[in-house]
Amino acid sequence: MRRIVYREWRIESSRYWSWLAILAVVIAIGGMAALYMEHHGHWVTGMTNSVVWGTPHIFAVFLIISASGALNVASIGTVFDKAFYKPLGRLSGLLAAALLVGGLLILVLDLGRPDRLVVAMTTYNFSSIFAWNIFLYSGFVAVVIAYLWTMADRKGVPYTKPVGIFAFLWRLALTTGTGSIFGFLVGREAYDTAVLAPMFVVMSFAYGLAIYILVLMYSFEQDDRPVGALMLKRLKNLLGLFVSGVLYFTLIYHLTRLYGAQTQNIEHFILVSGGIYTVMFWLGWIILGSLVPLFFIYHPQHGKNPKAIALASALVIFGGLAAMYVLIIGSQAYPLEMFPGKTVVEFGAPGDIGGVVAPYWPSLPEFLLGIGGVAVALLITSVGIRVLQFLPESLADRVVDPHVALAEGRGR
Amino acid sequence: MTQLALVIDLNVCVGCHACVTSCKQWNTSGWAGPMVDENPYDAAPTGTFFNRVQTFEVGNYPNTETVHFPKSCLHCEDPPCVPVCPTGASYKREDNGVVLVDYDKCIGCKYCSWACPYGMREVDTQQKVMKKCTLCIDRITDQSLPEAERKPACVLACPTSARLFGDVQNPDSEVSIAIRERGGYALMPEWGTQPANHYLPRHKNRMHITEDDLLRTNNPLKKEDITVYHGEETLEDVTW
C-alpha cells in the first residue's frame, strides 16, 4: 500500500466561506430558538408534563450515538488492524468529536437550567446513569482528541493502538450508557429492558457510518478527490451489515414485548394504533430507514452507484431520527396506566392530561435547536478538515488496496 | 423510622378540588413557590400543580359510579426518582421520609419525571426546575404553629375529612389504624416502590331498619315519642 498523504480541504475560498456562513446562520437561528425557549419556558414548546423530552432530545441522542458510531471507522483500522480503513481514521475521529459536541450542545441548551451546567459538572450522584453519562461524554471528547493526536503526529504513532483500543472500549461504554438512560427506566412500559443498550450500540454503528459516508463523499467530491469503487463497496457493505443488525435488534425487542401480556398494549400502540408513532415506526424506521437502504446497498447495479449509496446513507439517517422519535416521544406519549381498564374522564386541574395518549407535536423552536446542533457538528468538521490534514489526498483503489496497486504495476 | 404520608378516603372524597386549590395557594406563596400558571383563563391553561384529582368511571351504564382520585407524590419508601437524579437534587429526608427536590441543585433535565411510575413530577416552566408535593414541609415542620395546624394544606382544607396525615410507620397513628382497619391500599404496589401514601377503598353502607327497630324503647333513632295516645295518662301529665 502506498503511503497515505493527507491534505487540507482545498475548495475555493468563496465556496468555503459561503458554506461556513450558511452554517453560522443556521447555528444562530438555533441559538435564538434556545434563547426563546429558555426565556419563556418549555410551555411554549410541544413539551408537557407527560412528554418531557421533545424534538431537541431526538437530535441530541441521535448525534451522540452517531458520534460513537463515527469513531468506529477509525477503530476498524486501528483496533482490528484493517489497513484498508486506516486512511479514514483521522476524519472518523474529527467527525466523532464534532457530532458529540453538536449533540451535547442541544442537550445542554434544552435543560431547564442550562446556566447550572457547572452544578451538573461538580455535583454527582453516582447512582444515576445520567451522571455517569456526563463523564462518558466529556471523557469521550478527551479520548478522541488524544486518539487524533496519535494518528496525526509521528510522535504519537506508537500509542495509536493502545489509545485506539481504549477509545473503542470507551465508545462502547458511552453508547451502552446512552441506551441505559432508557433501559434502566422501570417506570415506562416501553423501556425497562437490557436489550436497549446493545441496540443503541448497533444503531450507533449504522447511523455513525451513514453520516461518515455522506461527509466523506461530499468533502471528496467538492475537492475533486477520488473515492475508489472498492472503498465505497466496503463502506456500503458495512453499512448494510449494521442496518441489518439494527433490524435484528428491533425484531427481538418487539417480539419480547409482544410475548408478555403486560406489554402487549404498548406494542399495539406502537405497531398498530399509535397514529404518527406507528407511521414513524413502519414508514420511517423500518421501510425508508432500513429496507429501502438495504435494497440500494445490495442491489447488483444500484450498489455500485455512488449516488444510490449516498441516498441509502441519507435514508439510514432519516430512519435513525424516526427511530429516536418512536423510542423517545412514543414511549412518553403512551399513558402511564394508573387505573388499568379505566378511562380518566377528567384530570382535575388544568394543564395536562392523564390516562390518555399525550398530545405532542414538535414546535418550530425545538426543531430549530436540533438543526442548530447538526450545523455545529458540520461547522467543526468543515473547519477541522480545512485547517488540518484530516482528509487523505486520494482514496482511489490503487492507493488504498495493495492488490490493485500491484496489479497495476504488473500491467505496466 | 418516621414516614409521614397521606391516607385518602375515597369513600368520602367528593371531588370538590379544595385540596387542589389550597395546595396551590399555600405552596405558591411559600417555600416551594411561586408555582407557575400560564394562560390560566384561556382555552389551554397550563401550570404546575402538586396535587390533581383524577376522575374515572367504574362499571357499565347504567350501573356506573364516578370515582374521584386525588393524587400527589406518594413519598415512596424506595423512591425511583431519587437515584436517577444526576446531581442529587432529589432526595428523601431521613427524619420524616418526605421526598423533596433541592431547587438550587436541580438542572431541569427532567429525568426524574421519566422515572416516576406515578407521573407525579411536574416541571415549573418559570423556575425551570422539577417540582412535586412537599407534604407542605414548611408547614408541618414549623414549630411556631399550633400542633393541630402542622398538617399539609390539603388535609386542613378537605371539607369531608377525606385526607388523613401522619406517620405510617407508627402502628398507633391515626393513619396506620385507618390503613389497618379499613383496608387501606397503596397505588400500584407492583412497582416495589412502597408508596407511603395510601387510599381507603370505596364501600357501600347498607342499613336495614325494621319497624321493630323504630319502636324499641331504647331505639337511638327515636327522636320523639311516636306513640299514639288515646286520652290515657302519660308521663307528661304526671310530671307537670
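Residue positions are given per chain, counting from 1 as you read along its sequence in written order. A letter from A marks each chain and a number from 1 marks each ligand, given out in the order of writing. Thresholds applied to this predicted model are a pLDDT of at least 70 for local features of residues and 80 or more for the giving and counting of side-chain atom pairs; totals over whole chains, interfaces and linings are not thresholded and use all residues.

1. Looking at the overall build of chain B
Then, in step 1: Scanning chain B from N- to C-terminus turns up seven helices and 11 strands.
Then, in step 2: Structurally, chain B occupies a C-alpha span of about 85 × 45 × 35 Å along its principal axes.
Then, in step 3: Whether a residue is buried, exposed or partly exposed is read from the other C-beta atoms within 10 Å of its own C-beta, which are placed from the backbone; 20 or more gives buried, 12 or fewer gives exposed, and intermediate counts give partly exposed. Out of the 240 residues in chain B, the part that is buried amounts to 44%.
Then, in step 4: Note on contacts: each residue gets a C-beta atom placed from the backbone, and two residues are in contact if those atoms are within 7 Å. In chain B, once contacts between residues fewer than 6 apart in sequence are set aside, the share between residues at least 24 apart is 57%. Under the scheme used here, helices are H or I runs from DSSP no shorter than 4 residues and strands are E runs no shorter than 2 residues, and both carry numbers assigned from the N terminus.

2. Observations concerning unusual backbone geometry
All names here are of chain B.
Then, in step 1: With an omega dihedral of -5°, the bond running from Gly33 to Pro34 counts as a cis peptide bond.
Then, in step 2: The omega torsion of the bond from Tyr61 to Pro62 falls at 5°, within 30 degrees of zero and hence cis.
Then, in step 3: Relative to the elements of secondary structure, Pro62 occurs in the loop between strand E4 (51–58) and strand E5 (65–72).
Then, in step 4: Notably, His75 is not glycine yet its phi reads approximately 50°, a positive angle.
Then, in step 5: Of note, His75 is situated in the loop between E5 and strand E6 (90–92).
Then, in step 6: The backbone phi angle of Lys110 is positive, close to 70°, even though this residue is not glycine.
Then, in step 7: The class of Lys110 is buried, set by 22 C-beta atoms lying within 10 Å.

3. Thoughts on the packing of helix H8 (residues 196–222) of chain A against helix H9 (residues 229–259) of chain A
Residues and elements named next belong to chain A.
Then, in step 1: Only the stretch in contact is used when fitting a helix axis, every axis being a line fitted to C-alpha atoms; angles between N-to-C directions are given from 0 to 180 degrees. The N-to-C vectors of H8 and H9 enclose an angle of 150°; their axes lie 9 Å apart at closest approach. It follows that H8 is roughly antiparallel to H9 by the angle criterion. Crossing hand, H8 versus H9: left-handed. Note on element contacts: H9 touches H8 through Leu235, Leu238, Leu239, Phe242, Val243, Gly245, Val246, Phe249 and Tyr253, opposite Pro198, Met199, Val202, Met203, Phe205, Ala206, Leu209, Ala210 and Ile213. Note on terminology: angles under 35 degrees are roughly parallel, angles over 145 are roughly antiparallel, angles of 65 to 115 are roughly perpendicular, and the others are oblique. Crossings are classed by handedness, with left-handed meaning an anticlockwise turn of the near helix from the far one by less than a right angle and right-handed meaning a clockwise turn.

4. As for the sheet that holds strand E10 (residues 163–167) of chain B
Sheet strands pair by backbone hydrogen bonding; their relative direction is either parallel or antiparallel.
All names here are of chain B.
Then, in step 1: One bridge is not enough; two strands pair if DSSP finds at least two bridges between them. An order of E10-E1-E11 is seen for the three strands of this open sheet, with the pairing classed as mixed. Single-partner strands in this sheet number two, and they are E10 and strand E11 (198–200). Across this sheet, the average inter-strand angle for adjacent strands is 25°, counted without regard to direction.
Then, in step 2: Alignment of strand E1 (residues 4–9) against E10, held across five bridges, turns out to be antiparallel. Note on E10: the bridge partner recorded for Ile8 is Arg163.
Then, in step 3: Set on the sheet, helix H5 (residues 174–181) makes contact with E1, E10 and E11; between it and E10 the angle comes to about 115°.

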